Amino acid sequence: MSDRSRATYALSVLFAINAMNFFDRQIGGALAEPIRKEWALSDSALGALGTAFTLLYAFVGIPLGRLSDRISRKKILGIAVFAWSLLTSISGMARSYGQMFAARLGVGAGEAACAPAATSLIGDLFPPARRARAMSVFMLGLPIGIALSYLVSSFVAHTWGWRAAFLVAGIPGVLCAIAAFFIDEPQRGMMEKPLTPALSPQAGRGSTESREPSPREAGRGWSRRAGPGEGSWRSLLTIPTMWWLVLSGALHNFNMYALGSFLTPLLMRYHGATLRQAGVIAMASYGLAGIPGLLIGGALADRFSVRRKNGRLIVGAFSILISVPLLLFALLTPAHHTLMFVIFAAAGCMAMYVYYSSVYATLHDVVEPALRGTAMAFYFFAMYVLGASFGPLMTGMASDFFTRKAAAAAGATILEPFRGQGLHSAMYLIPVLSALLTLVLFAASGTVAADMEKRDRGGS
């Protein structure tokens, strides 16, 4: 099998794993309303159920990311996919809110291995000029997995009940786990350019002859200038762009997980959709809309990165800026005007997905190969602890607050008729934070060039 074929197979498997990653994590949001009604939950409790997944995901992610810089990444993926798929099926057997909470914690622990190991593999399978497009293909698992989750889960739940949807979701993960073990693992750093002038017996002291890394050097993340502390995670803290991207990840994940947790309930409560209708609408507006966003975003990010070093982040910043008015127009659409809501929401989500293609590739631009798994884990820790864990919870709390406020204004003591109005008001948090995210990405675009040059000098 040629190198290109091996890379294509690996990327195909990584895409499938990522699709199941987001399929399994999105089931809770797709089936939020029947779960809430069965156990008479508030939106705060419903949001906390989404938070359960993200908390353990974040805390386990850093050690797993560091592990992916040291041992076989395909083995990490194979074991992790099998574990989270099993726990997803177990979620369908929960008989109480507490049991469901515990099961989702386990799913988060398993899925924490996916992004650091997979993106580290991609960094060593594809050269820098093709990396954003490869990352876009990998990240297509996000919208496709989410879209399939909404479609399949709502259909299965409508036909056999919400528990059956969790049981069915675990089956494809076993196949992905087996496929992961057949990935041909590349050497670390093998796709980087020859970086440092090397002295050899044939070269004089002043020679600038360059050399390729030896397999041993490539395996440990050979870079432009080896020196004390190379490969230490502490060096990540000296990269200004890393801090901006960490903040951007927290803001973006807050929004994406708030949407993922409450889009279906919003459609059912505020726009009067059934569970199956809400699943189809969410599939289109939050899931499938991400496909052109990732593909177009990846192509634009690669093209602009050739022209200017901060090109990827400029693309990401403008895309998020465009999403703000689109999301506002979607929320300003009157109740039961579903078509207009879908058009604006889908366009806004498409623009939001560009973030992944531009930012994930930028992380590889500013971090040396030996630390990419750790860098992604650190970035994901912030994304999930500061972003995804707060997104569903705070949106749920805001929904409960506005629900009580609407009920009090109407002089009512029963909250259920006002839950649609309360959740609709809470969702305005998303465009507000997207505006702040735009500023953060523009700030990151101002530091990335210097950080890329620093990486090229070996951190000096």
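These numbers come from a predicted model, not from an experiment.

### Some details on the side chain of Arg36
Okay, step 1: By secondary structure assignment, the location of Arg36 is in helix H2 (residues 32-39).
Okay, step 2: Polar contacts involving the side chain of Arg36 include one to the side chain of Glu33, which spans 3.0 Å.
Okay, step 3: The residues touching Arg36, leaving out its near neighbours within four places in the chain, are Leu41, Asp43, Leu46, Arg269, Glu416 and Arg419.

### Looking at unusual backbone geometry
Only a minority of non-glycine residues have a phi that is not negative, and only a minority of peptide bonds are not trans.
Okay, step 1: The phi dihedral of Ala40 falls on the positive side, at around 50 degrees, and the residue is not glycine.
Okay, step 2: Note that Ala40 resides in the loop between H2 and helix H3 (43-68).
Okay, step 3: The class for Ala40 is exposed, based on a relative accessible area of 67%.
Okay, step 4: Unusually for a residue other than glycine, His336 sits at a positive phi of about 75 degrees.
Okay, step 5: Secondary-structure assignment places His336 in the loop between helix H14 (311-332) and helix H15 (338-366).

### Digging into empty space enclosed by the protein
Okay, step 1: Across all of its chains, the model carries 4 cavities of 30 Å³ or more by this definition.
Okay, step 2: Taken as a whole, the largest cavity holds about 320 Å³ of empty space.
Okay, step 3: Per element, the largest residue contribution to the lining of the largest cavity is 5 residues, and it comes from helix H1 (residues 3-30).
Okay, step 4: Taken as a whole, the second largest cavity holds about 110 Å³ of empty space.
Okay, step 5: Every residue lining the second largest cavity is counted, 14 residues in all, and those nearest its centre are Leu259, Leu327, Leu331, Phe341 and Ala345.

### Some details on the pattern of salt bridges
Okay, step 1: All told, the structure shown has 13 salt bridges when counted by the stated rule.
Okay, step 2: The partner of Glu38 in a salt bridge is Arg163, and the shortest N-O contact between them spans 2.6 Å. Separated by 125 residues along the polypeptide, Glu38 in helix H2 and Arg163 in helix H9 (residues 162-180) bring together distant segments of the chain.
Okay, step 3: On the accessibility criterion, Arg163 (16% relative accessible area) is buried.
Okay, step 4: Note that Arg269 is salt-bridged to Asp43, the shortest N-O span being 2.7 Å.

### Some words on the packing of H2 against H9
Okay, step 1: Between H2 and H9, the shortest axis-to-axis distance is 10 Å and the interhelical angle comes to 130 degrees. The angle between H2 and H9 falls in the class oblique. In this structure, H2 contributes Pro34, Ile35, Glu38 and Trp39 to the contact, and H9 contributes Trp162, Arg163 and Phe166.
Okay, step 2: Broken down by class, the residue content of the contact of H2 with H9 amounts to 5 nonpolar, no polar and 2 charged.

### A word on the packing of helix H4 (residues 73-91) against H9
Okay, step 1: Close contact between H4 and H9 brings their axes to 7 Å; oriented N to C, the two are set at 165 degrees. With respect to each other, H4 and H9 are oriented roughly antiparallel. Remark: the crossing between H4 and H9 carries left-handed chirality. Contacts between H4 and H9 involve Lys74, Leu77, Gly78, Val81, Phe82, Ser85, Thr88, Ser89 and Ser91 from the former and Trp162, Phe166, Leu167, Ala169, Gly170, Gly173, Val174, Cys176, Ala177 and Ala180 from the latter.
Okay, step 2: In the contact of H4 with H9, the residues fall into 11 nonpolar, 7 polar and 1 charged.

### Focus on the packing of aromatic side chains
Okay, step 1: The full count for this structure, using the stated rule, is 11 aromatic pairs.
Okay, step 2: Residues Trp162 and Phe166 carry aromatic rings whose centres are separated by 5.9 Å and whose planes lie at 80 degrees to one another, so their mutual orientation is edge-to-face. Note that Trp162 and Phe166 are positioned in helix H9 at a spacing of 4 residues, about one turn of the helix. Across this residue pair, the class does not change: Trp162 and Phe166 are buried.
Okay, step 3: Among the aromatic residues, those joined into a ring-pair cluster are Trp39, Trp162 and Phe166.
Okay, step 4: We note Arg25 situated over the ring of Phe22; from NZ or CZ to the ring centre the distance is 4.2 Å.
Okay, step 5: Lying across the ring of Phe304, Arg307 places its NZ or CZ 5.4 Å from the centre.

### Considerations on the confidence of the model for the protein
If pLDDT is low for a region, its predicted coordinates should not be looked at in detail.
Okay, step 1: With 89% of its residues at a pLDDT of at least 70, the protein reaches an overall mean of 83.
Okay, step 2: pLDDT under 50 marks residues 195-230. Its contacts with residues more than four places away, or in other chains, come to 50 contacts.

### Structural notes on the side chain of Asp43
Okay, step 1: Summarising the element assignment, Asp43 is placed in helix H3.
Okay, step 2: At 2.6 Å, the side chain of Asp43 forms a polar contact with the side chain of Ser399.
Okay, step 3: Residues in contact with Asp43, not counting those within four places in the same chain, are Arg36, Phe262, Arg269, Gly396, Ser399, Asp400 and Arg419.

### Some remarks on a nonpolar patch on the surface
Okay, step 1: A cluster of nonpolar side chains, contributed by Tyr9, Ile79, Phe82, Leu86, Ile90, Met93, Leu167, Val174, Leu175, Ile178, Phe181 and Phe182, occupies part of the molecular surface with about 1200 Å² of accessible area.
Okay, step 2: Secondary-structure elements contributing two or more residues to the nonpolar patch are H4 and H9.
Okay, step 3: Position of Phe182 among the secondary structure elements: in the loop between H9 and helix H10 (215-219).
Okay, step 4: Accessibility expressed as a relative area gives 61% for Phe182, which makes it exposed.

Rules and cut-offs
Residues numbered from 1 in each chain as written. Predicted model: local features only at pLDDT ≥ 70, side-chain atom pairs only at ≥ 80, totals over all residues. Heavy atoms only, no water. Helix = DSSP H or I, 4+ residues; strand = E, 2+ residues; numbered from the N terminus. Polar contact = N/O pair within 3.5 Å; in protein donor to acceptor, adjacent residues only side chain to side chain. Contact = heavy atoms within 4.5 Å. Buried < 20%, exposed > 50% of the residue type's maximum accessible area, 1.4 Å probe, protein only. 1 Å grid on protein atoms, 1.4 Å probe; cavity = no way out; pocket = protein on both sides within 12 Å on 5 of 7 lines; lining within 4 Å. Points joined across faces, edges and corners; volume = space filled by probe spheres on them. Salt bridge = Lys/Arg side-chain N within 4 Å of Asp/Glu carboxyl O. Axes fitted to C-alpha atoms, helices over the stretch in contact; angles between N-to-C directions. Parallel < 35°, antiparallel > 145°, perpendicular 65-115°, else oblique. Nonpolar A, V, L, I, M, F, W, Y, C, P; charged D, E, K, R; others polar. Left-handed = near helix turned anticlockwise from the far one by under 90°. Phe/Tyr/Trp six-rings, centres within 6.5 Å; stacked < 30°, edge-to-face > 60°. Lys NZ or Arg CZ within 6 Å of the ring centre and 35° of its normal. pLDDT = per-residue confidence, 0-100. Patch = residues over 30% accessible without salt bridge, like charges linked within 9 Å, V, L, I, M, F, W, Y side chains within 5 Å. Areas by Shrake-Rupley, 256 points an atom, 1.4 Å probe, with all protein chains shown as cover.

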